[in-house]
Amino acid sequence: MHRNKIVSREDWFQAHKAHLAREKELTRLRERIAAERRELPWLKIRKDYVFETEQGPKKLTGLFAGNSQLIVYHFMFGPGCSHHCEGCSFLADHIDGANQHLRHHDVSLVVVSRAPLAELLPYKQRMGWKFDWVSSYASDFNFDMQVSFTDRQIAAGDTTYNFETRPRTSKELPGSSVFYRDETGDLFLTFMSRARGGEALIGTYDYLDMTPKGRNETGPYHGLMDWVRLHDEYQGKQAGQANCCD
């Protein structure tokens, strides 16, 4: 590890005080972007999507659980998928803590995957997660949200993800989608976040970013695949696979 310059207490204080101005600049920029996000146009949802839940079939409106706002995390778990995505699992490890508070502030949070519920629940139990995990297997929801792709789309290179259309090989990709239900019951898609946008939901990265070594992702993938493992597999785990649900 590179050793930084060692200085006097006064020089240390002045250097960190100068850096604090940059930290504040980032905080204010983040607040401005969040305000701009809330002003983005909405898309009315006109389909009656049906999901398989532990309480039985539910439409999208049923996932709101009495709140007016809904956050959906799209977990990469396709039908018959034998690999559990380390990245999605890493993010999912952070959900239950936040969810204790979100549900009391007019926000419901649900995890959605395309695999049938019977394939999702054993993994949920293994990981000890408490959040609602539902299946969109019987609907076009994942395809309409542009996080799942058919064989035909992949063969044709007609895959749109994160507002970009280009050839892809993965049938499942991660992301978050946000919905609002108004007083009349109409539903709207208000925001979607894809690719590295999910990092904002991973508090572990904020801790790492404060440390001298940072994220320390120095392996062959230069990302979380270099070190993140399922939280019950850190002992004796071999190098992970690079792709999920291909």
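Everything below is about the structure shown above.
Just so you know, these numbers come straight off a predicted model, no measurement behind them. (Residues numbered from 1 in each chain as written. Predicted model: local features only at pLDDT ≥ 70, side-chain atom pairs only at ≥ 80, totals over all residues. Heavy atoms only, no water.)

Let's shift gears to the overall build of the protein. Per the secondary structure count, the protein includes seven helices and 10 strands. In terms of its C-alpha atoms, the protein occupies a principal-axis envelope of roughly 65 × 45 × 40 Å. Buried positions account for 39% of the 246 residues belonging to the protein. Counted over contacts in the protein with a minimum sequence separation of 6, partners at least 24 positions apart contribute 61%. Split by element, the accessible area of the protein, about 15200 Å² in all, is 53% carbon and sulfur. (Helix = DSSP H or I, 4+ residues; strand = E, 2+ residues; numbered from the N terminus. Buried < 20%, exposed > 50% of the residue type's maximum accessible area, 1.4 Å probe, protein only. Contact = heavy atoms within 4.5 Å. Areas by Shrake-Rupley, 256 points an atom, 1.4 Å probe, with all protein chains shown as cover.)

All right, on to the packing of aromatic side chains then. Across all of its chains, the model carries 18 aromatic pairs by this definition. Relative to Y123, the ring of F75 lies with its centre 6.5 Å away and its plane at 70°, an arrangement referred to as edge-to-face. Placement of the pair is F75 in the loop between strand 4 (69–74) and helix 2 (86–92) and Y123 in helix 4 (residues 117–127), with a sequence separation of 48 residues. The exposure class assigned to Y123 is buried, which follows from its relative accessible area of 3%. When the ring of F90 is compared with that of Y205, the centres are 5.7 Å apart and the planes differ by 85°; the resulting orientation is edge-to-face. Residue F90 is found in helix 2, and its partner Y205 is found in helix 7 (residues 203–209); the two are separated by 115 residues along the sequence. Taking the relative accessible area as the measure of exposure, F90 reaches 7% and is therefore buried. (Phe/Tyr/Trp six-rings, centres within 6.5 Å; stacked < 30°, edge-to-face > 60°.)

The subject of this paragraph is the pairing of strand 9 (residues 175–181). As judged from the six bridges shared by strand 4 and strand 9, these two strands associate in the antiparallel manner. Residue H74 lies in a different strand from strand 9, and its bridge partner there is G175. The pairing of strand 9 with strand 10 (residues 187–194) spans seven bridges and is classified as antiparallel. Bridging across to strand 10, V178 finds its partner in F191. Two successive antiparallel strands, strand 9 and strand 10, enclose a turn made up of five residues, where G185 displays a positive phi of approximately 95°. (Pairing = 2+ DSSP bridges.)

This part takes up helix 4. Among all positions of helix 4, only L117, L120, Y123, K124 and M127 are buried. Projected onto a plane normal to the axis of helix 4, the buried residues spread over an arc of 135° and lie on a single side. Pointing more than 90 degrees away from the buried face of helix 4 are the exposed residues A118 and Q125. Looking at the buried positions of helix 4, the neighbouring elements they touch are strand 2 (50–53), helix 2, strand 5 (107–113) and strand 6 (132–135). (Arc of directions from axis to C-beta.)

Together, V7, W12 and F13 make up a nonpolar patch on the protein surface, roughly 310 Å² of accessible area in all. Secondary-structure assignment places F13 in helix 1 (residues 9–38). (Patch = residues over 30% accessible without salt bridge, like charges linked within 9 Å, V, L, I, M, F, W, Y side chains within 5 Å. Salt bridge = Lys/Arg side-chain N within 4 Å of Asp/Glu carboxyl O.)

On to the environment of R166. Along the chain, R166 falls in the loop between strand 8 (164–165) and strand 9. A relative accessible area of 40% means that R166 is categorised as partly exposed. Residues R166 and I154 lie 12 residues apart in sequence; the distance between their C-alpha atoms is 9.5 Å. The contacts of R166, once residues within four sequence positions are left out, are G157 and T159.

Time to look at the pattern of salt bridges. Pairing between side chains of opposite charge can happen when the charged atoms of each approach one another. Under the defined criterion, the tally for this structure stands at 15 salt bridges. When the shortest N-O distance is used, the salt bridge between D144 and K47 registers 2.9 Å. Of this pair, D144 sits in helix 5 (residues 141–144) while K47 sits in the loop between strand 1 (43–44) and strand 2, and the two are 97 residues apart along the sequence. Accessibility expressed as a relative area gives 32% for D144, which makes it partly exposed. Taking the shortest distance from any N to any O, the salt bridge between R126 and E233 comes out at 2.8 Å. With R126 in helix 4 and E233 in the segment after helix 7, this pair connects stretches of sequence that are 107 residues apart. Taking relative accessible area as the criterion, R126 reaches 35% and is therefore assigned partly exposed. Judged by its relative accessible area of 23%, E233 is partly exposed.

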